[in-house]
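Now for the letters of each chain:
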Amino acid sequence: MKAKIKLKSRVSTNRDFQLLILSLPVLLYVFVFCYLPMAGIVVAFEDYRYDKGVFGSELIGFRNFEFFFKSDSAFTVTFNTLAYNLAFIVVGTLLSISVALLLNEVKNKTAIKIYQTSMFLPYFFSWVVVAFIVYAFISPSYGMANSFISSLGIDTSNLYFSPPIWPFILLFVGEWKYLGYSVIINYTVLMGIDSSYYEAAEVDGASKLQRAWHISVPFLVPITVIQIIMAVGRIFSSDFGLFYQVTRDSSMLYSVTDVIDTYIFRAIMNPSNSDVGMGAAIGLFQSLVGFILVIITNTIVSKVNKEAALY
Amino acid sequence: MKPNSIHKSIINIFFIILSLMFIIPIISIISISLTNENDILEFGYSVIPRSIDTIAYEYIFKNPKQIIDSYKVTILISVVGTVLSTLFMLMCSYTLARKGFRYKRILSFYLFFTLLFNGGLIPSYILTAKYLNLRDTIWVLILSGLVNVWYIFILRTFIQGIPESIIESALIDGASEYRIFSALIIPLSTPAIATIGLLNLFGYWNNWMTALLYIQNKELYPLQYLLQKIMMDIQAVIANMDKLPREVIEEMDIPSETTRMALAVVTAGPMLFIMPFFQKYFIRGMTVGSIKG
């Protein structure tokens, strides 16, 4: 009788080798572009000079960190970064869940498709193009939204130079770009819920609102929690495109639009006074804190509900 | 009217308004690009053009060298990047999905860890620009984003859905892993390949960050970066307008408002066009990924 090769048993070493070869391109790439840069973390502790390179520059301990934390901008950019991220997490979650729940009430299949496609459109444009769209609305002389904004009592002669309205603009534009994406994910989960749950609840006299809250929402919890955990891990980072492109990098707006990532970017791109060491220090700070936060949040979540955790 | 119908109408109205909020801005760009310049100077931008004028597009294609260069670069990196990326990632996902592979767990962790922690922008920049010497090369545009660990996990989940018996019979026949991959896995994974391939394509097409960091050579400007550069240059000029002598201003060939919008349409156009057709693949890919890859 021919021996049946069971997949569950260990494969031969020859096969292991073949499989390693298959995964080699990815493994190499990740090594070079993800792990090697981790070694570059040492730059955070150096007075980095371009000509001396990573290994030639002088080590200066925590001075880069001190320099950043004592600077005037440190507080502003950190505050901005955290504030925007928290706003996005809260508003984003509320909006995407509510809209998904509402979409679940629409019965006409064509209508659903149209609504989904429209919401999804901005996701496919780069931030450069979105910045153009925003410009079309609020450009000083020609903007389409200017008459509306003026009626709110806000000066439209040069919105790119006046801070107060910008947090709302950025929050709105950020949501505009990603709402379709989040709604589709939530909606797909909702689609998978067995209709018998709803029918049973209706028979028991539950209103639409109650049915949504007690049936739909719990199903959405695992995926929402994962997204929040990931977002917490990125809480000191930002979507660079939003804060750099849409604002046209206008320096007048920095007090409300400058975030850590744009600050670092300018620090390294500044041709006359490039402070690479400090940029690296802040980058390390972001990654490290993000990492620790993910671990903490995930641990808390898995204590509460193992299924909902990231890993 | 029954309460149900009122309920339904309200919801539909809500969504119609919501959808318009997405569609109108996009249509505006197109219509502005087709508007007569004088109408804009007089009335400002509007959603519907008062008179149609294709002069902006004529202007762009009259001096097409930069646009053609950028289109060439963008198409090249998008196609090469997408093919290589999807292939390499699929190969790796197969090994991660392969039961009995000795290094499965450790390699999975090796990849997963990079999702939690990274070295930051500066070390990557120093590595790429200085040590790998990739500035102003086409390779940096292709290599950036070649591997995306999320997609690898999505593909892995997909491959895990392929019935074991198929692989088993190939093993009995003595097929090598390479053969199993090329003759079985690839054909069986076409939906996943389509999804991830499209996501990759879209990523490459819209990428402007890499060029911003590493590209100075005009001939290598991808479309999105070209668009951005033009906008930034105009900003700089306008900001300093009052300091420049009149003669200089008149000399300069500043693209008009409509031309800029036309450029945006030309840049975003292809993706916008592709999107509705492949929407269902995109959706499928994302939902699998987000429900724990």
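Basis of the calculations
Residues numbered from 1 in each chain as written. Chains lettered and ligands numbered in written order. Predicted model: local features only at pLDDT ≥ 70, side-chain atom pairs only at ≥ 80, totals over all residues. Heavy atoms only, no water. Helix = DSSP H or I, 4+ residues; strand = E, 2+ residues; numbered from the N terminus. Rg over C-alpha atoms; globule rule 2.2 N^0.38 Å. Buried < 20%, exposed > 50% of the residue type's maximum accessible area, 1.4 Å probe, protein only. Contact = heavy atoms within 4.5 Å. Areas by Shrake-Rupley, 256 points an atom, 1.4 Å probe, with all protein chains shown as cover. Lys, Arg positive; Asp, Glu negative; His and termini not counted. Charge placed at Lys NZ, Arg CZ, Asp CG, Glu CD. Patch = residues over 30% accessible without salt bridge, like charges linked within 9 Å, V, L, I, M, F, W, Y side chains within 5 Å. Salt bridge = Lys/Arg side-chain N within 4 Å of Asp/Glu carboxyl O. pLDDT = per-residue confidence, 0-100. Phe/Tyr/Trp six-rings, centres within 6.5 Å; stacked < 30°, edge-to-face > 60°. Axes fitted to C-alpha atoms, helices over the stretch in contact; angles between N-to-C directions. Parallel < 35°, antiparallel > 145°, perpendicular 65-115°, else oblique. Left-handed = near helix turned anticlockwise from the far one by under 90°. Nonpolar A, V, L, I, M, F, W, Y, C, P; charged D, E, K, R; others polar. Core = buried A, V, L, I, M, F, W, Y, C linked by side-chain atoms within 4.5 Å. Buried area = accessible area lost by both parts, 1.4 Å probe. Polar contact = N/O pair within 3.5 Å; in protein donor to acceptor, adjacent residues only side chain to side chain. Expected span 1.5 Å × (residues − 1).

**A look at the overall build of chain A**
Looking only at helices and strands, chain A features 14 helices and two strands. In terms of overall dimensions, chain A is more spread out than a globule: its C-alpha atoms have a radius of gyration of 25 Å, far above the 19 Å expected for 311 residues. If one aligns the C-alpha atoms of chain A with their principal axes, the spans along those axes are about 80 × 70 × 35 Å. Buried residues in chain A amount to 54% of all 311 residues. Taking the contacts inside chain A whose residues are at least 6 apart along the sequence as the reference set, 65% of them involve residues at least 24 apart. With an accessible surface of roughly 15,100 Å², chain A has 67% of that area assigned to carbon and sulfur atoms. Between the centroid of the 21 positive side chains of chain A and the centroid of its 20 negative side chains there is a distance of 14 Å.

**Considerations on the overall build of chain B**
Helix and strand content of chain B: 15 helices and zero strands. For chain B, buried positions account for 48% of its 293 residues. With the model as given, the accessible surface of chain B reaches about 13,900 Å², and the carbon-plus-sulfur share is 65%.

**Focus on a nonpolar patch on the surface**
On the surface, Ile16(B), Leu20(B), Ile24(B), Ile27(B), Val47(B) and Ile48(B) cluster together to form a nonpolar patch covering roughly 500 Å² of accessible area. With respect to the element layout, Leu20(B) can be found in helix α1 (residues 3-33).

**Some points on the confidence of the model for chain B**
Residues and elements named next belong to chain B. Counting all residues, the mean pLDDT for chain B is 84, and 89% of those residues have values of 70 or more. Between the elements of chain B, mean pLDDT differs from a low of 58, seen in helix α14 (residues 246-251), to a high of 95, seen in helix α7 (residues 138-143). Reported confidences for the modelled complex are a pTM of 0.84 and an ipTM of 0.86.

**Description of the packing of aromatic side chains**
All names here are of chain A. One pass over the full model with this rule turns up 38 aromatic pairs over all chains. Arranged with centres 6.0 Å apart and planes meeting at 20°, the rings of Phe75 and Phe79 form a pair that is stacked. Of this pair, Phe75 and Phe79 both sit in helix α4 (residues 72-103), separated by four residues, roughly a single helical turn. Both residues of the pair, Phe75 and Phe79, count as exposed.

**Digging into the packing of helix α1 (residues 13-39) of chain A against helix α6 (residues 121-131) of chain B**
For the pair α1(A) and α6(B), interaxial distance at closest approach is 9 Å and the crossing angle is 120°. As judged from the angle between their axes, α1(A) and α6(B) are oblique. Of the two possible hands of crossing, α1(A) and α6(B) adopt the one that is right-handed. Mapping the contact onto sequence places Val32(A), Phe33(A), Leu36(A) and Pro37(A) in α1(A) and Pro123(B), Ser124(B), Leu127(B) and Thr128(B) in α6(B). Its residues placed into classes, the contact of α1(A) with α6(B) shows six nonpolar, two polar and no charged.

**What about the environment of Phe33(A)?**
Following the sequence through the fold, Phe33(A) ends up in helix α1. Here Phe33(A) is in contact with Thr128(B), Leu132(B) and Leu143(B), once residues within four sequence places are set aside.

**A closer look at the nonpolar core**
Ranked by internal contacts, the top residues of the largest apolar core, which has 184 residues, are Trp166(A) and Leu111(B). With 13 residues, the single largest contributor to this core is helix α8 (residues 166-191) of chain A. If near-sequence neighbours (up to four positions away) are discounted, Trp166(A) is found in contact with Tyr84(A), Ile138(A), Leu159(A), Tyr160(A), Val246(A), Thr247(A), Leu253(A), Val256(A) and Thr257(A).

**So, the interface of chain A and chain B**
Every contact between the two is made by 102 residues of chain A and, on the other side, 104 residues of chain B. Between chain A and chain B the total buried area reaches about 9,700 Å² when both faces are included, carbon and sulfur atoms providing 77% of it. Our count for the contact surface shared by chain A and chain B stands at one salt bridge. The interface formed by chain A and chain B contains 17 residue pairs in polar contact (both at pLDDT 80 or more). Class assignment for the residues of the side of chain A that touches chain B results in 73 nonpolar, 17 polar and 12 charged.

**Quick word on helix α5 (residues 104-116) of chain B**
Taking 1.5 Å of rise per residue, 13 residues should cover 18 Å, and α5(B) covers 19 Å from first to last C-alpha, within 8% of that figure. All of the buried residues along α5(B) are Leu107(B), Ser108(B), Tyr110(B), Leu111(B), Phe112(B), Phe113(B), Thr114(B) and Leu116(B).

**Side note on the pattern of salt bridges**
All names here are of chain A. One pass over the full model with this rule turns up 10 salt bridges over all chains. Among the ionic pairs, Lys208 bridges to Glu105, the shortest N-O distance being 3.2 Å. With a gap of 103 residues between them, Lys208 in helix α10 (residues 208-233) and Glu105 in the loop between α4 and α5 (109-120) connect regions that are remote in the sequence. Relative accessible area serves as the criterion here: at 23%, Glu105 is assigned to the partly exposed category.

**Describing the packing of helix α3 (residues 63-70) of chain A against α4(A)**
All names here are of chain A. Two elements in contact, α3 and α4, have axes separated by 4 Å at closest approach and are oriented at 75°. Taken together, α3 and α4 sit at an angle that is classed as roughly perpendicular. Counted together, Phe68, Phe69 and Lys70 of α3 and Asp72, Ala74, Val77 and Thr78 of α4 form the full contact between these two elements. Of the residues belonging to the contact of α3 with α4, the class tally is four nonpolar, one polar and two charged.

**Some thoughts on the environment of Ser126(A)**
In this structure, Ser126(A) sits in the loop between α5 and α6 (127-138). Sequence separation between Ser126(A) and Gly53(A) is 73 residues; the distance between their C-alpha atoms is 34 Å. With residues up to four places along the chain from it excluded, the contact list for Ser126(A) reads Asn206(B), Trp208(B) and Gln224(B).

**Side note on unusual backbone geometry**
Unusually for a residue other than glycine, Asp249(A) sits at a positive phi of about 55°. Locating Asp249(A) in the fold gives a position in the loop between α11 (240-245) and α12 (254-257). Asp249(A) gets classed as partly exposed once you look at its relative accessible area, which sits at 24%. Residues other than glycine seldom take positive phi values, yet Asn133(B) does so here, at roughly 55°.

**A closer look at the side chain of Asp261(A)**
All names here are of chain A. Note on placement: Asp261 falls in helix α13 (residues 260-269). Separated by 2.7 Å, the side chain of Asp261 and the backbone nitrogen of Ser238 make a polar contact. For Asp261, the residues in contact, after removing those within four places along its chain, are Ser237, Ser238, Phe240 and Gln286.

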